[in-house]
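Each chain is listed here by its residues.
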2 protein chains.
Amino acid sequence: MIEAQRLAVFREVAHRGSFAQAAQALRLTPSAVSQQMAALERAAQAGLFERSTRGVTLTAAGQALLRTADTIHGELHRAERALARLREQGPPSLTVATFASAGMLLLAPALAALNDREDRHVDTTVIESEPQQALAALDDGSADMALVYHFHTEQPPPSWADIAHRYAYHPLLRDELRLVVPVGHALARRSTARLDDVADEPWIQMWDLPGNALDALASAHGLRPKVACRAGDFPFMQALVAAGVGIAFIPTLAVVDRPDTRALVLTPTAKRYIGAYTAPGVPSNHASRALLDALKARATTVPMS
Amino acid sequence: MIEAQRLAVFREVAHRGSFAQAAQALRLTPSAVSQQMAALERAAQAGLFERSTRGVTLTAAGQALLRTADTIHGELHRAERALARLREQGPPSLTVATFASAGMLLLAPALAALNDREDRHVDTTVIESEPQQALAALDDGSADMALVYHFHTEQPPPSWADIAHRYAYHPLLRDELRLVVPVGHALARRSTARLDDVADEPWIQMWDLPGNALDALASAHGLRPKVACRAGDFPFMQALVAAGVGIAFIPTLAVVDRPDTRALVLTPTAKRYIGAYTAPGVPSNHASRALLDALKARATTVPMS
DNA sequence: CTACTTTACGCCTGTCGTAAATATC
DNA sequence: GATATTTACGACAGGCGTAAAGTAG
């Protein structure tokens, strides 16, 4: 009964929060959007919006339908990209969104192993992005696979539930957080440290850490750390540490070997979990399965220095 | 560019293998279907069919698009069901497809534990079905979760790749195959047995065992067993064993305690893996996550007699 | 008054069916 | 010749825009 065509309009309305803005984005008149949504509500036999003169908000039924609309939008987008690539007569092709350290340590070697065998060659486009953006790319249909990390538990954090539950998750690897300090630091000659040891020092944190893991970790210990600054990637954070701006917590796999910093084991250990989300989409049959196998194989042999 | 509406027609064509039959199923004329598919091929900028006078077959591009069409169809169907249930103002509701023994030993206790707490009450519809049909129900949008089993490896068998790769998989439990013989059997007083011991006896097998696990197991040992008959569920198989029709291999959790049969441990052991597939759909946010947690909790305490 | 949604109505695009043509087994 | 797909063409439904009305801040 529900026509998929209308869901594209519905999705635009839901994301913009107003019929008028959605109409403008879709190059339609507000009238057309209103009629479409009225028809959709009839088909769904449920009210989808709370109307007001300052736009609309979704009802519970509307929020439920939005997830469906998002999924369908992503699938269509992915299908179009897949058809475009297939038209070029090239080898099977994938787009993978990954954060930097997994790209270097997992994805690149996995691709190398995969492409050694001519029959399993996979033409891969890589988008470097942090987990939040990687999942958004997956959701939007711009990527077929997303390599992500998260803290605390093997299962992805609740804040991802809406998006993450729509895709298959494959655990790959886990590493630990290290406390990185400059060589001149009081702790630099020790090999382990506790959170309390640096409670009063300025911390260098990451933008958009999934679930604000470090904040949660700190408050669980009753700490209110001073945040010296926030950076976008781990190597930059480590450079800031070397410059004496503050201390930082960096996952083992992202720590680079620099003479001007030391990486200390944290007790109790805080683990980081790395995994892959795969989209249900078009190229999954061969290429994404092959790549996933290669990633798993690589994950078992990655050096945990 | 690709209009989702046409994919419903495309899907019907792909499954029926002919424009004419699809037209009949959709209550359209072959002409309309032909025009729709011509428009779809223009939008996709790719040939989707190999035409012949005995129907059509899909090209590579067509097969790719079919997966997208199936996913979208399932999502729409699931959304409609979810909206219908939400309209009744009832508690969150799920439909779960399960095979019989998991229904009794896992699902029922998990639901009982879940519904004890009033705030986590979940209204559940159960469809009893073997793994193949359970996945089909998931794919079709008729179910939100599927409890399935498979053999050999923790990962689902390759024959499920097309369907299973589109959903998140959650391992739950594993048990072992037992060799079930009648009390009068030569082996009845032993506690363990090997495949070779029953190489020459008639076997009672299951319809649609995932991946024909037993056939693979037998041929790996160089055996060509005689299949006495095939049954649809394990209790019936065991009854046939008691009646002297043949011997059977039945998973521990499905073996019932009867005085006229004996269950022998198999060496080397053949394991059965039980897990759940969850759909990305509408009600996943709360209900399916809660049920999954309850299933996992139950799986750790299930008796492995 | 402003910004948004809704309704009424006419136009127009797009889709369907009928009918005839074409092609293959 | 039977069955299936394709094309041409006319009819109809549905969606869009214009315009005007209604409404809340």
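Everything quoted here is computed from the prediction, not taken from an experiment. (Residues numbered from 1 in each chain as written. Chains lettered and ligands numbered in written order. Predicted model: local features only at pLDDT ≥ 70, side-chain atom pairs only at ≥ 80, totals over all residues. Heavy atoms only, no water.)

**Looking at the protein's contact with DNA strand D**
- Around DNA strand D, a shell composed of 20 residues is seen, among which A:Thr29, B:Phe19, B:Ala20, B:Arg51 and B:Thr53 lie nearest.
- At the protein interface, 72% of the atoms of DNA strand D within 4 Å belong to sugar or phosphate.
- Contact distances for DNA strand D include 2.8 Å between a phosphate oxygen and a side-chain N or O atom of A:Thr29.
- B:Thr53 places a polar main-chain atom, nitrogen or oxygen, 2.9 Å from a sugar or linking oxygen of DNA strand D.
- Taken together, the elements giving at least two residues each to the surface near DNA strand D come down to helix H3 (30-44) of chain A together with helix H2 (19-26), helix H3 (30-44) and strand E1 (49-52) of chain B.
- The greatest single-element share of the surface near DNA strand D, amounting to four residues, is contributed by H3(A).
- Class assignment of the residues belonging to the surface near DNA strand D gives a composition of four nonpolar, twelve polar and four charged. (Near = heavy atom within 4 Å. Polar contact = N/O pair within 3.5 Å; in protein donor to acceptor, adjacent residues only side chain to side chain. Helix = DSSP H or I, 4+ residues; strand = E, 2+ residues; numbered from the N terminus. Nonpolar A, V, L, I, M, F, W, Y, C, P; charged D, E, K, R; others polar.)

**Details of the UniProt feature "domain: HTH lysR-type" (unreviewed entry) in chain A**
- The positions UniProt marks with the feature "domain: HTH lysR-type" (unreviewed entry) are residues 2-59 of chain A.
- Taken end to end, residues 2-59 of chain A comprises 62% helix and 14% strand; its first and last C-alpha atoms sit 17 Å apart. (UniProt positions renumbered as here; feature names shortened; annotations may be inferred.)

**Looking at the relation of the copies chain B and chain A**
- Superposing chain B onto chain A requires a rotation of 180 degrees together with a translation of 0.3 Å along the rotation axis, leaving an RMSD of 0.3 Å. Taken together, the rotation and translation describe the operation of a two-fold axis. Of every C-alpha in chain B, the one belonging to B:Ala168 sits nearest the axis of rotation, 1.8 Å from it.
- Taken as a fraction of all interface residues of chain B, those also at the interface in chain A reach 100%, which identifies the copy contact as same-surface. (Least-squares fit on C-alpha atoms with pLDDT ≥ 70 in both. Contact = heavy atoms within 4.5 Å.)

**Section: the protein's contact with DNA strand C**
- If you check the shell around DNA strand C, you find 23 residues, and the closest are A:Phe19, A:Ala20, A:Arg51, B:Thr29 and B:Gln36.
- Each atom of DNA strand C within 4 Å of the protein belongs either to a base or to sugar and phosphate, the latter forming 69%.
- At 2.7 Å, a backbone N or O of A:Ala20 approaches a phosphate oxygen of DNA strand C.
- Between a sugar or linking oxygen of DNA strand C and a main-chain N or O atom of A:Thr53, the distance comes to 3.3 Å.
- Of all the secondary structure elements, the ones that give two or more residues to the surface near DNA strand C are helix H2 (19-26), H3, strand E1 (49-52) and strand E2 (55-58) of chain A together with H3 of chain B.
- Per-class residue counts for the surface near DNA strand C are six nonpolar, twelve polar and five charged.

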